[in-house]
Amino acid sequence: MKYNPQQLEAKWQAAWDKNGLFNVSEDPLREKYYLLEMFPYPSGKIHMGHVRNYTIGDVIARYKRMCGKNVLHPMGWDAFGLPAENAAIENNTHPARWTYDNINAMKAQLKTMGFSYDWDREIATCDPEYYRWEQLVFLKMYEKGLAYKKRTHVNWCEKCQSVLANEQVENGCCWRHTQEEVSIREMDSWFLKITDYAEELLEYCGKLSGWPESVTAMQKNWIGKSRGTIIRFPVADSKEVIEVFTTRPDTLFGATFMCLAPEHPMIKGLIKGGSMEAQVMDFIDRTLKIDSYMRTADFTVKEGIYTGVDCINPVTDERIPIYVANFVLIEYGTGAIMSVPTHDQRDFEFAKKYGLKLRVVIQPEDRPLKEEDMQEAYEVPGILVNSGRFNGQGNIDAQDNITEYLQSQGKGYKTVKFRIRDWGISRQRYWGAPIPIVYCDKCGTVPVPADDLPVVLPLDLDMLPNGGSPLPVTQSFYETTCPKCRGKARRETDTMDTFVESSWYFTRYACPDYNKGPLDQKRVDYWMPVDQYIGGIEHAILHLLYARFFTRVMNDLGHVKVREPFTNLLTQGMVCKETQECPTHGYLFPKEVKEGRCIKCQAEVITGNTLKMSKSKKNVIDPQELIDQYGADTVRMFCLFAAPPEKGLEWSDQGVEGVFRFLNRVWRVVVDHLADITGVSPYDGAKPLEGMARDLHRKTHQTIKRVTNDIDTRFHFNTAIAAVMELVNEIMQLVISEDPKDNTSWAVIREAVEAAIVLLSPVSPHITEELWRMLGHQQHLIEVPWPVYREEALIEENILVVLQVNGKVRSKIEVPASYDEKQIEEFALKDQRVVTFVGGKQVKKVIVVKKKLVNVVV
RNA sequence: GCCUGGGUGGCGGAACUGGUAGACGCAAGGGACUUAAAAUCCCUCGGAGCUUAGUCUCUGUACGGGUUCGAUUCCCGUCUCAGGCACCA
């Protein structure tokens, strides 16, 4: 009987489905385990990245289930988003139609992979029954001031025809359109007040012990807390005061000029009627025309202009000039800085360029520092000089002392600044959740009453050919009555960033059918938090930070008990493959290459770098084709075997072959000896064993131990699979080379075969299920308890001891395991090769490591 | 520049707390079976050396040092790759 994966996989998937094998409910008597993979955007087809992500998750889900946990393992769809609108225009269809067709297609594909999802909990975020609760949460946030609208400078992507959040801008470009530079526009926009939670989000980064440090480090970086001091500089000959933010108050006595951001609101007033008014305005106009990416690029030359106005250094009482400078950022600190050219490299360069004064206020301990000799700023610790009463203090101590002094004089105060800014969620898009707000000429901004929710996204309208949102031109949508005065009013036509949906979907999985509120507290409290979350590293900041923020909001609103959503996080690496390029036809799909040549022109194909699989580079493998050829079990196993999950996975067609060969070996070892194996019960440890049977029995239990350890504590599925491969190799050896005739040997073989099947079942669930039934079992494998190794089976009568002389391996001996250290040492010193290498020299020292090694030092 | 994480055979990767470096797999080479091929099975496989071809010797985990009886593993320095942040005052 031949291994026919397609046929038996379909059979078992149907059986699991029919029995509702993966559907779960709350059971207070059992320990819960919530395993979650990041839900996909329904683009139409699953790709290798999905397959890897979901396979890793499925192995853990099945493993935990076999260990007796009540496992929640749901799946759903991040269903709003721009591609649906573009596709709708292109194919003359509707985003909803396109989205739901894609969901159906992808769901069918996921089912052919045999993943153990509870499909009864499926969520699509574009369903009004989902986003109505999101709208409700938005209204509650609005009430508490956590959602607000303001006119401000925002990031605009021309391709998206929409505003983007700061987190969605990468290297000055849109995160979805990496070639599209983001421009700055001034617009009305809705924001969520993530900055209220900045301190806590940062603090908990240090407590997320189940997260990779790289991710928490990135988040810390993004939140960007810095402690510093606000210092008030009076404007000379005026009552005005300019506040600056600095992290280096210790250098205050060396501040010899000030710089303002071009957008600083006080500039116009300061220069009005002054000698420099026209020139300064011209400079500001020129600077602001340059887009923000170019303006802040590191190669942009530092430039500034004197305003003609001075201010007073509050500790030296000296008049210092005020400049406007292109490198000062309005959004950080106060948009004004005090400049200390002697101890800050940027200020040093600026001062040299414009001939400004230098004053050393920190002296190194080993050499004198003089202003006229300086080639660069002195930025490391030292002792304060030229700093009045603070002279002689170490500069680190002086930071607090000077701040306290300023505070006592009313000239400044200690403060904390964050880099993170509020989350801009307005999108000028159609295919998203409507923001439940109404604008009334009389009453102003009015929230939609909770009873009127959901504000349903209308489906009966046509897309605009230019790609813009049809909502602002759809009268039936935007025309409404004011909930307060019943007069004519206009609906908000912006929709929410799709990251809002993904910020709470994981809680909704606990109660997807609940219709009295966003969350059914009882069920959510049972399942939350997510015990293990798995997804791509690309969401290190975006989704994972938003979700942590949103969970805190939901907690403050009383919807969930937890404050952190994800206890453990696994970020899997990308799936990569080398690119192939034809000199005339550009990048080629693997199919377009035959024997190293382009099938269109026969030119020799250039093999390029190994890069993340992407359609644009055409270095993609369609998982469906692999499933059709080898079956899901092979595809799943290869994804796990080729590399540990957090590392990149390099695609290898031969590697897939190899895994397929292995599964065939497992198949044959059972099928070819079915009568012999089923003729006995698995070895139970009662009868003493010897020879190869004893070795195999030991190997079986060693393998159980290794695999359990690899999966449970390390998620190193590659070594777990390797361990089972070793076991299968040993089974084959006994079956083929020894050709056993006795029942005891077959009983040991049966024990080993069953262990191999059960241990492999989370990885390749179909073939193992089939073999398990062949052996006469009735249960589904997922209902079989995870095997436990027997300690006594691991005991070895002889152990191998490595003998070293001066740290070099010279011999290996087998000694009875019962030997103590003294006996082993005696044995080692008598070993012929050890004697040779000692060569009659004086033995200085003998190190004995129990059951492992002896090192003789001469 | 700063913050993470890496660098081990021809390749993907093992080596868990410092104790035999290279598990497992791929590729390659040789052999068995076969009229032949496929499939399958067996053997070899880091490098160099050899008057004893071995249970041999030397060498080898990016590079240079150190600690240790012993270092892929710990410490210091350097190079390099990947990801993130970056004129943040």
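These numbers come from a predicted model, not from an experiment.

1. Considering the overall build of chain A
Right, so step 1: Within chain A one finds 28 helices and 37 strands.
Right, so step 2: When the accessible area of chain A is evaluated, it comes to approximately 38,800 Å², of which 49% is carbon and sulfur surface.
Right, so step 3: Of the side-chain charges in chain A, 105 are positive and 116 negative, and the distance between the mean point of each set is 1 Å.

2. Topic: the sheet that holds strand β23 (residues 479-481)
Right, so step 1: Across the sheet, 4 strands lie side by side as β22-β21-β24-β23; this open sheet has antiparallel pairing. In the strand order of this sheet, the two ends are held by β22 (444-447) and β23, each with one partner. This sheet shows a mean twist of 40 degrees between the axes of neighbouring strands, independent of strand direction.
Right, so step 2: Summarising the sheet, strand β21 (residues 437-440) and strand β24 (residues 488-491) pair through 3 bridges and their orientation is antiparallel.

3. Notes on the sheet that holds strand β14 (residues 319-325)
Right, so step 1: Within the open sheet, the 4 strands sit side by side as β13-β14-β12-β15. Their pairing is mixed. Looking along the sheet, the strands with just one partner apiece sit at the ends: β13 (304-312) and β15 (336-339). The mean angle between the axes of side-by-side strands here comes to 30 degrees, regardless of whether they run parallel or antiparallel.
Right, so step 2: Bridging between β13 and β14 involves 6 bridges; their strand directions are antiparallel.

4. Some words on the protein's contact with RNA strand B
Right, so step 1: Close to RNA strand B lie 55 residues; Thr 247, Lys 302, Arg 346, Ala 642 and Asn 855 are nearest.
Right, so step 2: Side-chain polar atom of Thr 246 to a sugar or linking oxygen of RNA strand B: 2.7 Å apart, as the coordinates give it.
Right, so step 3: In the model, a phosphate oxygen of RNA strand B is placed 3.3 Å from a nitrogen or oxygen of the Asn 729 side chain.
Right, so step 4: Among the elements that line the surface near RNA strand B, the one with the most residues is helix α23 (residues 717-738), at 6 residues.
Right, so step 5: Here the surface near RNA strand B is built from residues that sort into 21 nonpolar, 15 polar and 19 charged.

5. Description of the nonpolar core
Right, so step 1: Membership of the largest hydrophobic core comes to 197 residues, with the highest contact counts inside it found for Phe 138, Trp 423 and Trp 651.
Right, so step 2: When near neighbours in sequence (up to four residues on either side) are disregarded, Trp 651 contacts Met 48, Val 575, Cys 576, Lys 577, Met 613, Ile 621, Leu 626, Phe 638 and Val 656.
Right, so step 3: Within the second largest apolar cluster, 52 residues are counted, among which are Val 309, Ile 322, Met 338 and Leu 358.

6. Topic: the environment of Gln 179
Right, so step 1: Inspection of the secondary structure puts Gln 179 in the loop between β8 (173-174) and β9 (183-192).
Right, so step 2: Taking the relative accessible area as the measure of exposure, Gln 179 reaches 73% and is therefore exposed.

7. Observations concerning the domain arrangement of chain A
Right, so step 1: For chain A, the assigned domains are domain 1 (225-418), domain 2 (575-612), domain 3 (650-794) and domain 4 (798-857).
Right, so step 2: Between the C-alpha centres of domain 3 and domain 4 the distance comes to 36 Å.

8. Things to note about the packing of aromatic side chains
Think of a pair of aromatic rings as described by two things: how far the centres are apart, and how the planes are tilted against each other in angle.
Right, so step 1: Within this structure, the stated rule accounts for 40 aromatic pairs.
Right, so step 2: Pairing Phe 715 with Phe 717 gives two aromatic rings, centres 6.2 Å apart and planes at 20 degrees, and the pair type is stacked. In this structure, Phe 715 and Phe 717 share a single accessibility class: buried.
Right, so step 3: By the ring-pair criterion, three or more aromatic residues cluster together here, those being Trp 175, Tyr 197, Trp 423, Phe 499, Tyr 546, Phe 549 and Phe 550.
Right, so step 4: When the ring centre of Trp 16 is taken as reference, the NZ or CZ atom of Arg 62 above it lies at 4.8 Å.

9. Quick word on the pattern of salt bridges
Close approach of charged atoms lets side chains of opposite charge pair.
Right, so step 1: Per the stated rule, a full pass over the model turns up 49 salt bridges.
Right, so step 2: Between Arg 714 and Asp 710 there is a salt bridge, and its shortest N-O distance comes to 3.1 Å. Residue Arg 714 and its partner Asp 710 are both found in helix α22 (residues 691-714); the two are separated by 4 residues, about one turn of the helix.
Right, so step 3: Accessibility expressed as a relative area gives 39% for Arg 714, which makes it partly exposed.
Right, so step 4: Residue Arg 790 pairs with Glu 751 through a salt bridge whose shortest N-O separation is 3.7 Å. Here Arg 790 is found in the loop between α25 (765-774) and α26 (791-794), whereas its partner Glu 751 is found in helix α24 (residues 743-760), with 39 residues between them in sequence.

10. Looking at empty space enclosed by the protein
Right, so step 1: Inspection of the entire model under this criterion finds 4 cavities of 30 Å³ or more.
Right, so step 2: By volume, the largest cavity amounts to about 60 Å³.
Right, so step 3: What lines the largest cavity is Trp 16, Leu 21, Phe 22, Arg 62, Met 66, Ser 761, Pro 762, Pro 765, Glu 769, Leu 781 and Ile 782.
Right, so step 4: Elements supplying a minimum of two residues to the lining of the largest cavity: α2 (48-66) and α25.
Right, so step 5: Of the residues contributing to the lining of the largest cavity, the split by class is 8 nonpolar, 1 polar and 2 charged.

11. Details of the side chain of Glu 754
Right, so step 1: Topologically, Glu 754 is positioned in helix α24.
Right, so step 2: Residues within four places of Glu 754 in sequence aside, it is in contact with Pro 682, Trp 772, Leu 775 and His 777.

12. Considering α22
Right, so step 1: In this model α22 runs 33 Å from its N-terminal to its C-terminal C-alpha over 24 residues, within 8% of the 34 Å that 1.5 Å per residue would give.
Right, so step 2: Once α22 ends, the next one or two residues include Phe 715, with phi positive near 55 degrees.

13. Observations regarding the UniProt feature "domain: Aminoacyl-tRNA synthetase class Ia" (unreviewed entry) in chain A
Right, so step 1: The UniProt record marks residues 605-650 with the feature "domain: Aminoacyl-tRNA synthetase class Ia" (unreviewed entry), using the residue numbering of this structure.
Right, so step 2: Measuring from the first to the last C-alpha atom of residues 605-650 gives 20 Å, for a span that is 39% helix and 20% strand.

14. Some remarks on the side chain of Glu 9
Right, so step 1: Relative to the helices and strands, Glu 9 resides in helix α1 (residues 5-18).
Right, so step 2: No salt bridge forms around the buried Glu 9; measuring N to O, its nearest opposite-charge neighbour Arg 636 is 7.9 Å away.
Right, so step 3: Residues within four places of Glu 9 in sequence aside, it is in contact with Tyr 3, Thr 112, Gly 631, Ala 632, Asp 633 and His 766.

15. Considering helix α11 (residues 345-354)
Right, so step 1: Those residues of α11 lying buried are Asp 347, Phe 348, Phe 350 and Ala 351. Buried residues in α11, looked at end-on, bunch into an arc of 165 degrees, giving them a common side.
Right, so step 2: Residues of α11 that are buried sit in contact with β12 (257-260), β13, β14 and β15.
Right, so step 3: Its side-chain oxygen placed 2.9 Å from the backbone nitrogen of Arg 346, Asp 344 serves as the N-cap of α11.

16. A few points about the UniProt feature "short sequence motif: 'HIGH' region" (unreviewed entry) in chain A
Right, so step 1: Residues annotated in UniProt with the feature "short sequence motif: 'HIGH' region" (unreviewed entry) correspond here to residues 40-50.
Right, so step 2: Between the end C-alpha atoms of residues 40-50 the distance is 8 Å, and the span holds 27% helix and 0% strand.

17. Focus on unusual backbone geometry
Right, so step 1: The residue after Leu 453, namely Pro 454, is reached through a cis peptide bond having omega 0 degrees.
Right, so step 2: With omega at 0 degrees, the peptide bond leading from Met 528 into Pro 529 counts as cis.
Right, so step 3: Mapped onto the secondary structure, Pro 529 falls in the loop between α16 (521-527) and β26 (530-536).
Right, so step 4: With a phi close to 65 degrees, Arg 486 is a non-glycine residue in the positive phi region.
Right, so step 5: Position of Arg 486 relative to the elements: it lies in the loop between β23 and β24.
Right, so step 6: Within the chain, Asn 806 stands out as a residue other than glycine whose phi angle is a positive 50 degrees.

Cut-offs and rules
Residues numbered from 1 in each chain as written. Chains lettered and ligands numbered in written order. Predicted model: local features only at pLDDT ≥ 70, side-chain atom pairs only at ≥ 80, totals over all residues. Heavy atoms only, no water. Helix = DSSP H or I, 4+ residues; strand = E, 2+ residues; numbered from the N terminus. Areas by Shrake-Rupley, 256 points an atom, 1.4 Å probe, with all protein chains shown as cover. Lys, Arg positive; Asp, Glu negative; His and termini not counted. Charge placed at Lys NZ, Arg CZ, Asp CG, Glu CD. Pairing = 2+ DSSP bridges. Axes fitted to C-alpha atoms, helices over the stretch in contact; angles between N-to-C directions. Near = heavy atom within 4 Å. Polar contact = N/O pair within 3.5 Å; in protein donor to acceptor, adjacent residues only side chain to side chain. Nonpolar A, V, L, I, M, F, W, Y, C, P; charged D, E, K, R; others polar. Core = buried A, V, L, I, M, F, W, Y, C linked by side-chain atoms within 4.5 Å. Buried < 20%, exposed > 50% of the residue type's maximum accessible area, 1.4 Å probe, protein only. Contact = heavy atoms within 4.5 Å. Domains from an automatic or database assignment. Phe/Tyr/Trp six-rings, centres within 6.5 Å; stacked < 30°, edge-to-face > 60°. Lys NZ or Arg CZ within 6 Å of the ring centre and 35° of its normal. Salt bridge = Lys/Arg side-chain N within 4 Å of Asp/Glu carboxyl O. 1 Å grid on protein atoms, 1.4 Å probe; cavity = no way out; pocket = protein on both sides within 12 Å on 5 of 7 lines; lining within 4 Å. Points joined across faces, edges and corners; volume = space filled by probe spheres on them. Expected span 1.5 Å × (residues − 1). UniProt positions renumbered as here; feature names shortened; annotations may be inferred. Arc of directions from axis to C-beta.

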